Amino acid sequence: MKPTDVIVIGAGFSGLSAAYYLQQKGISVKVVEAASQVGGRARSDKMNGFTLDRGVHFYHHSTTELSKIINLRNLELKNTYPGYLLKYEDTFNLFTNPLYQTVDTISTALAKNATFTDKIRLFGLYAKLKTTSYNKLVKETESSTFEYLSKNGFSKKLIDSFFRPMIAASIFDYNLQSSSRLSKVYLKSLFQDHVALPKNGIGSIAAEIEKKLKPNTVLYKTKVKRVEDDGVELVNGEFLESKFVIIATNAINANEITNSKSIDAECSHVSTIYFSTDKAPVSKPVVMLNGDNGTTLVNHVFVPSLLHPEYAPENKHLVAVNIVKEHDLDDDELMEKCLSELTGWFGLKVMDWQHLKTYHIKYAMPFKPILDEVRFTKKINDTIYVCGDSLSVGSMESALRSGRETADLIAVQLMKGNYKQTDYSFQ
Ligand SMILES: Cc1cc2nc3c(=O)[nH]c(=O)nc-3n(C[C@H](O)[C@H](O)[C@H](O)COP(=O)(O)OP(=O)(O)OC[C@H]3O[C@@H](n4cnc5c(N)ncnc54)[C@H](O)[C@@H]3O)c2cc1C
């Protein structure tokens, strides 16, 4: 392969974004991707007419990066029901955003897992997050999310039955040990805006971005073994030469290919079990949270086919059951345990659900106990840069921004001629 200006390792959101912005500036780029499709963690598989996202993802309308690259209309986004359906003991209660659903807010008011003071405080938190900017939130006093909620007077009952499963559904932190700044940022985004899904699965977002790249920019099934100052060595031994390299992988892979520990690799994990059923277990496309503490494993359940029927074949529904807590069960035991728990939610009919696939996502999001700095790019040396959500917070938005900012930095270096000059005339 002819040497290129930049090689990007990884065709997730950050890598695709970096490639897009570099090409916009007329810089030559190749993206090397180990998998057979783009999207990284946010991709989808097609199976017997079902669309299986690799873990339940949502597009947040409050974000701004994606619309700079693609026309959002192409995604045919539909909003989920705003809020959560919380299972607590033997009842379901809607915890809704008061801005959108005034009638259902009554259900929030009646929820028996919250005291009257909790409800007032919940509304206070909602109002505070809505009126405080993201920039201000990331500068507020730092503590664990648990400490923050306790200090703000929420009862243990509400923390355990609502905040734990809710934060676990957003950033996979059931123990509430992540940064309170970070949790406030997520809560603000969830409280103030709708979240949505594209008609053809979360993976269709990355596929739309790829359409904005020059043909054959992405080299699929091409895994990098090692990074050098002037290119990358693939696992098949081939060396691809470039002036700059951008590592746009998760932190664990970035450390492997640089043979270093330069990126903090603490992360959260999640498992998603997909089932097919003839009848949806609920009527609304709402995220259902498990408010029952103790030994239960199911954290949240969502039925994407209630939002977009295209997620399942005709007359079928797709159910995504998500597990965040640690356990040592094998796949069969895990499925049995989840189905048995879910009979308590939806009755014995769950025993007729058919298992489609189980995903265990080991690196789901970076885990940040303290959010002391939010950075979007890291320079390893003059020619090697890192981007991706591992540097900041786990989201498609931060990954896209990270790719953009890294592309900008490299473009400046290229213009200045700050890279190792290779004489290509004999090649
Ligand atoms: C279950 C789940 C739900 C989520 N929900 C949301 C949500 O609702 N909203 C939201 O905004 N974000 C969500 N996220 C987070 C979001 O998916 C990530 O923040 C984002 O996709 C990260 O993109 P990235 O480009 O930084 O990394 P990745 O997506 O991890 O991309 C890295 C790419 O590098 C490739 N790669 C790795 N090693 C090599 C190698 N040696 N050679 C070549 N290629 C390599 C990988 O195959 C991969 O394609 C969720 C994440 C998960 C797991």
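Anything mentioned here points back to the structure above.
Summary of the structure given here.

Reading the values: rules and limits
- Residues numbered from 1 in each chain as written.
- Predicted model: local features only at pLDDT ≥ 70, side-chain atom pairs only at ≥ 80, totals over all residues.
- Heavy atoms only, no water.
- Near = heavy atom within 4 Å.
- Polar contact = N/O pair within 3.5 Å; in protein donor to acceptor, adjacent residues only side chain to side chain.
- Areas by Shrake-Rupley, 256 points an atom, 1.4 Å probe, with all protein chains shown as cover.
- Helix = DSSP H or I, 4+ residues; strand = E, 2+ residues; numbered from the N terminus.
- Nonpolar A, V, L, I, M, F, W, Y, C, P; charged D, E, K, R; others polar.
- Domains from an automatic or database assignment.
- Contact = heavy atoms within 4.5 Å.
- Salt bridge = Lys/Arg side-chain N within 4 Å of Asp/Glu carboxyl O.
- Buried < 20%, exposed > 50% of the residue type's maximum accessible area, 1.4 Å probe, protein only.
- Pairing = 2+ DSSP bridges.
- Axes fitted to C-alpha atoms, helices over the stretch in contact; angles between N-to-C directions.

1. What to know about the site of the ligand
Around the ligand, the surrounding shell holds 36 residues, and the nearest of these are Ser 14, Glu 33, Arg 41, Phe 58 and Asp 389. One of the side-chain N or O atoms of His 57 is found 2.9 Å from an oxygen atom in the ligand. Contacts to the ligand include Asn 253, whose side-chain N or O atom sits 3.5 Å from a nitrogen atom. Alone, the ligand offers 1000 Å² of accessible surface; in the complex the protein occludes 93% of this. Secondary-structure elements contributing two or more residues to the shell around the ligand are helix H1 (13-24), helix H10 (251-258), strand E18 (354-366) and helix H12 (396-416). Sort the elements by how many residues they give to the shell around the ligand and E18 lands first, with three residues. Tallied by class, residues from the shell around the ligand come to 17 nonpolar, 14 polar and five charged. When we break the shell around the ligand down by domain, the ones giving at least three residues each are domain 1 (4-43 + 202-264 + 373-416) and domain 2 (79-196 + 268-366).

2. Notes on the environment of Leu 307
Here Leu 307 is to be found in the loop between strand E16 (298-302) and strand E17 (317-323). Distance in space between the C-alpha atoms of Leu 307 and Ala 251 is 33 Å, their sequence separation being 56 residues. Each residue touching Leu 307, except ones within four places of it in the same chain, is listed here: Lys 78, Asn 79, Thr 80, Leu 197, Pro 285 and Phe 302.

3. Here's the deal with the pattern of salt bridges
Close approach of charged atoms allows side chains with opposite charge to pair. Applying the stated rule across the entire model yields 21 salt bridges. Here Lys 184 ties to Glu 140 by a salt bridge, and the two come within 2.6 Å at their closest N and O atoms. With Lys 184 in helix H8 (residues 180-192) and Glu 140 in the loop between helix H5 (134-137) and helix H6 (145-151), this pair connects stretches of sequence that are 44 residues apart. With a relative accessible area of 2%, Lys 184 lands in the buried category.

4. Focus on the side chain of Ser 143
Positionally, Ser 143 belongs in the loop between H5 and H6. If near-sequence neighbours (up to four positions away) are discounted, Ser 143 is found in contact with Tyr 148, Ser 178, Ser 179 and Ser 180.

5. Topic: the sheet that holds strand E8 (residues 91-96)
By definition, the strands of a sheet pair up through backbone hydrogen bonds, in either a parallel or an antiparallel sense. What the seven strands build is an open sheet, ordered E8-E7-E15-E16-E17-E14-E18; its pairing is mixed. Each edge of the open sheet carries a strand with a single partner, namely E8 and E18. Direction aside, the axes of adjacent strands within the sheet are offset by 25° on average. Here six bridges tie strand E7 (residues 83-88) to E8, and the two strands are oriented antiparallel to one another. Across the sheet, the residue bridging to Tyr 84 is Phe 95, located in E8. Against the sheet, helix H7 (residues 156-171) engages E7, E8, strand E14 (267-277), strand E15 (287-290), E16 and E18, with an angle of about 130° to E7.

6. A few points about the sheet that holds strand E5 (residues 59-60)
Strand order in this open sheet of three strands is E5-E9-E6, and the pairing throughout is antiparallel. Looking at which strands have only one partner, the edges of the open sheet turn out to be E5 and strand E6 (78-79). Taken together, the two bridges between E5 and strand E9 (residues 195-197) define a ladder with antiparallel strand orientation. Looking at E9, one finds that His 60 is bridged to Val 195.

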